[in-house]
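# Analysis of the macromolecular model
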Amino acid sequence: MQALKIGIIDLVCKSPSKSLWGKIMHANLASIMPQVIATWCEQEGHTVTMICYTGNEDLIRELPNDVDLVFISSFTQAALLAYAVSNYFRSHGVITVLGGPHARCYPDDATQYFDYVLGFTNRQIIAELLNNCTRQRPIGKKMCAGKQPAILCSIQERWKFIEATLKKAPFLKMVPILGSVGCPYTCPFCIDSTVTYRALDFQTISSDLKFLLTKYKRPWIGWHDPNFGIRFDETMQAIASAAPPKSFHFIAESSLSVLTDDHLKKLKGNGFTALLPGVESWYDLGNKSRSSHITGAEKVKQISDHINNVFHYVPYVQTNFVLGLDSDAGAEPFELTKRFIDNSPSAFPGFSLLTAFGEAAPLNLEYQKAGRVLPFPFHFLNNHLAMNVKPKNYDWVDFYDKVIDLTEYAFSPKAIYRRLMHTRGFNPKWMNVMRAISSEGWGRLKFYRQIRQNLIQDRSFRQYFEGESQQLPEFYKNIIEKDLGGWWKWLPAGALSHNAYAYLQKTS
Ligand code: SF4
């Protein structure tokens, strides 16, 4: 077998970026799977150069001139950058491979721009690909293992890639770890709802944690589990067997149903510093929050009490909401979220606009059947720059009025001040303020106001939102061109548009 020179690019962000937030945080958002694939490629006897792209790197200069194969991992919001990078390398004779969430959500679109598009990937798929990799053009080849791998590389095995990535993070250095894949819950909007839950090896978790203590004094560790703590006792046991209590700082995304008093005590004892539970809506999607039987104001009270209780144990909590769900109508859902912000002033509210990512979730098929999915370019599909599902119960201007009103409320000087006063610890305090006044809070507000103005003043803009025109408004094209910078010229013809109904067409 010929040894290949392989480049692996983990696209953490979607365009070149010089932002302060990016410099501090992007390297902490690195994905696990590109590191695993880099390790597998080396174990198969190939030479690997891996780059976690945080917005500052020169991808062309940092990869070897004579690279044979380039893997790119991308979320959908970075897909256009991924397509442009792939086009550059393909035009220089390199074979390209796409993996990551975009490859799972939009595989058929991606095969136009890559030689290989990977769904669930295990070591066997990688070995097969490396042994037979040839150009696949004009349409790339899809490869999929059918399910998540049962075994991934340990942190020790992928340490050289983790270390190189975290060197880019000046202050906080967060090591990504995985304790499980899939989820036992079936929230129909979620990409993990159809992936069978499986805990990974607890022995490996324990030895990885011990290993990290040889690298950092009290390491920061981010659990990438879709729903952390399902096998709660065994996971806590794995942590406890690695080191005495409070030897680590942990961050995890958990459903509220996991966050019982008993569990919270153990989480506190084991050094859990931040939790990100999903509330999603006051009327729907509650099958994971221990409140599926109640809705509206009653649910606000119960969830708010629950979140306030979480703060007795953990200093940082972000609560996630989805705006524009079919179960929502009128002003009430937005007003209830404001009441929640009043009642739980310490919690950082994370808002997402309803988005259907291709074939990610079963619910997307329903939106496509109803003709409600809009073809916004991938660049805007990050849960806030565009909502690609027409709302069921709102007119667009009315919807944006309510989103703007809620965002103003959540990130008003008064709310920021209350959050600051109610939060314990320096790190949670500066994190909350920074997020509120950066692109996440005030930046989004400015963008939403611009969208509302365009909806009122520009007829063709409105027609695009109504699904009456497929002509992409210049407003969006200009943003992509500006964001991609030097990569714009490599964006393949046709990449700005995609078939928003591909999932329905292939399943019907
Ligand atoms: S609980 Fe969370 S991870 Fe699980 S299906 Fe629901 S949204 Fe997805």
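Bear in mind the structure is a predicted one, so any value in this text is a computation, not a measurement.

Okay, the layout of surface pockets next. Counted as a void, the second largest pocket has a volume near 270 Å³. Around the second largest pocket sit 15 residues that line it, and R104, G119, F120, C144 and E359 are the ones nearest its centre. Elements with a minimum of two residues in the lining of the second largest pocket: α5 (101-105), β5 (116-118) and β6 (141-143). Its residues assigned to classes, the lining of the second largest pocket shows 10 nonpolar, 2 polar and 3 charged. In terms of domain composition, the lining of the second largest pocket takes at least three residues from each of domain 1 (5-143) and domain 2 (157-394).

This next bit is on the environment of Q453. Looking at the element boundaries, Q453 is found in helix α18 (residues 439-457). The exposure class assigned to Q453 is partly exposed, which follows from its relative accessible area of 37%. Taking the C-alpha atoms as reference, Q453 lies 8.8 Å from V397; in sequence the two are 56 residues apart.

With that out of the way, let us pick up the pairing of strand β14 (residues 316-323). Across the 8 residues of β14, 8 count as buried, placing the element largely inside the fold. With burial as the criterion, each face of β14 is covered, one bearing Y316, Q318, N320 and V322 and the other bearing V317, T319, F321 and L323. In terms of strand pairing, strand β12 (residues 272-275) meets β14 through 2 bridges, oriented parallel. Following the sheet pairing, A274 is matched in β14 by Y316. As paired elements, strand β13 (residues 278-280) and β14 share 2 bridges and run parallel to each other. Its bridge partner lying in β14, G278 is registered against N320. With 6 bridges joining them, β14 and strand β15 (residues 348-353) adopt parallel strand pairing. Its bridge partner lying in β15, V322 is registered against S352. Crossover connection from β14 via helix α13 (residues 332-343) to parallel β15: handedness right-handed.

Criteria and thresholds
Residues numbered from 1 in each chain as written. Predicted model: local features only at pLDDT ≥ 70, side-chain atom pairs only at ≥ 80, totals over all residues. Heavy atoms only, no water. 1 Å grid on protein atoms, 1.4 Å probe; cavity = no way out; pocket = protein on both sides within 12 Å on 5 of 7 lines; lining within 4 Å. Points joined across faces, edges and corners; volume = space filled by probe spheres on them. Helix = DSSP H or I, 4+ residues; strand = E, 2+ residues; numbered from the N terminus. Nonpolar A, V, L, I, M, F, W, Y, C, P; charged D, E, K, R; others polar. Domains from an automatic or database assignment. Buried < 20%, exposed > 50% of the residue type's maximum accessible area, 1.4 Å probe, protein only. Pairing = 2+ DSSP bridges. Right-handed = clockwise from strand over helix to strand, strands pointing away.

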